[in-house]
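Listed here are the chains, written in short residue letters.
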Amino acid sequence: GKTLLITGIASGIGAQTALVAASLGAEIVGVDVKAPPATVPGAFIEADLSDPAAAAAIAARLPARLDALCNVAGISGVAGAAKTLAVNFYGLRALSEALAPRIREGGAIVNVASIAGYGWRANLERTKHLVGVQGFPDTAALVREFALTEQDGYPVSKEALLLWTQRAAHQPLFRGRGIRVNAVSPGPVTTPIYGEFRALFGDARVDDDITRVGRPGTAPDIAPAIAFLCSDGARWINGANVPVDGGLEASVNASVL
Ligand code: NAI
């Protein structure tokens, strides 16, 4: 069987990804700041991805070989842009870089981005700078430097993640080892952070998104796409972003293009 590391395993899309992957025969190792419910399969490592020391601490507790890393953990932005950049982008990237040597040839990394990142072309210059910063920077200093507001933190972190996904797909660290790097971008999904998005971006914005596609998504709508990108069936998919949003990205693009 395959061994998958899933971050954000304690809730929502991460927990559901563990259930789907385990049902397909995978061994699961989960990472989260809090313990998952007993219904979620696999071993568990408690770690905070906003801590620059987390990646090495997680790596030290892992099996020697992994088939895939699912970077699902993320926060909405209500904790502030500095924390949001640390969890949703720099912590995720640090973990991916630390674990690349463990992932077998033909293995995969799947990054959960967001519809909120689809517009990265609109913030490309700012995002290019943020992705160009190597290592695990002082995110509070970056937030000041780039004048990021509380509302900017989430979309900019996801824009950075989508840009990095495309770059990483061609980096020697990943491509040179035969590791594919892809993203899944959900639309609004009724997990615990859904209410925080409503508070952060306003009910009208979220309601407009839902009206375009008929209903919000659920964790079971998203998890199979993550599992597929981890699988050998996705062997020729690299550097891609797969919107899993009921058609929301297409609807938004169609109205601006
Ligand atoms: P969730 O809140 O149910 O799950 C997120 C998990 O990440 C939680 O278990 C949380 O404890 C964990 N986490 C938070 N900070 C962490 C840290 N510093 N270190 C380790 N783990 C941490 O939310 P959901 O919806 O399952 O989110 C999963 C991913 O999907 C996130 O990256 C989110 O941005 C993304 N997403 C969610 C959407 C939604 O509407 N729910 C829409 C688009 C993307």
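Residues numbered from 1 in each chain as written. Predicted model: local features only at pLDDT ≥ 70, side-chain atom pairs only at ≥ 80, totals over all residues. Heavy atoms only, no water.

## Structural notes on the packing of aromatic side chains
Now for step 1: Inspection of every chain in the model, using the stated rule, returns six aromatic pairs.
Now for step 2: A centroid spacing of 6.2 Å and a plane angle of 15 degrees characterise the contact between F197 and F201, whose relative ring orientation is stacked. Note that F197 and F201 are positioned in helix α7 (residues 194-201) at a spacing of four residues, about one turn of the helix. Take F197 and F201: they sit in the same class, and that class is buried.
Now for step 3: Grouped by ring-pair contacts, the aromatic residues F89, Y90, W164 and F174 constitute a single cluster. (Phe/Tyr/Trp six-rings, centres within 6.5 Å; stacked < 30°, edge-to-face > 60°. Helix = DSSP H or I, 4+ residues; strand = E, 2+ residues; numbered from the N terminus. Buried < 20%, exposed > 50% of the residue type's maximum accessible area, 1.4 Å probe, protein only.)

## Remarks on the site of the ligand
Now for step 1: With respect to spatial proximity, 30 residues lie near the ligand, and among them S11, I13, D32, D48 and T191 are the closest.
Now for step 2: Y154 is positioned with one of its side-chain polar atoms (N or O) 2.8 Å from an oxygen atom of the ligand.
Now for step 3: Residue V189 places a main-chain N or O atom 2.8 Å away from an oxygen atom belonging to the ligand.
Now for step 4: Protein contacts shield 95% of the accessible area of the ligand, which totals 820 Å² for the unbound molecule.
Now for step 5: Elements supplying a minimum of two residues to the shell around the ligand: α1 (12-23) and α6 (150-168). (Near = heavy atom within 4 Å. Polar contact = N/O pair within 3.5 Å; in protein donor to acceptor, adjacent residues only side chain to side chain. Areas by Shrake-Rupley, 256 points an atom, 1.4 Å probe, with all protein chains shown as cover.)

## A few points about the packing of α6 against α7
Now for step 1: Packing of α6 against α7 leaves a shortest axis separation of 9 Å and a crossing angle of 125 degrees. Between α6 and α7, the interaxial angle falls into the category oblique. The handedness of the crossing between α6 and α7 is left-handed. Contacts between α6 and α7 involve E150, Q151, Y154 and P155 on the former and, on the latter, F197, L200 and F201. (Axes fitted to C-alpha atoms, helices over the stretch in contact; angles between N-to-C directions. Parallel < 35°, antiparallel > 145°, perpendicular 65-115°, else oblique. Left-handed = near helix turned anticlockwise from the far one by under 90°. Contact = heavy atoms within 4.5 Å.)

## Topic: the sheet that holds strand β1 (residues 3-7)
Now for step 1: A sheet is described by the order of its strands in space; here seven strands give the open sequence β3-β2-β1-β4-β5-β6-β7, paired in parallel fashion. The sheet is open, and its two edges are formed by β3 (43-46) and β7 (241-244), each paired on a single side. Across the sheet, the axes of successive neighbouring strands diverge by a mean angle of 20 degrees, strand direction being ignored.
Now for step 2: Sheet topology note: the strand β2 (residues 27-32)/β3 ladder contains four bridges and is parallel. Across the sheet, G30 pairs through a bridge with F44, a residue of β3.
Now for step 3: Of the strands in this sheet, β5 (103-112), β6 (180-186) and β7 touch α6, which is tilted by about 155 degrees from β6. (Pairing = 2+ DSSP bridges.)

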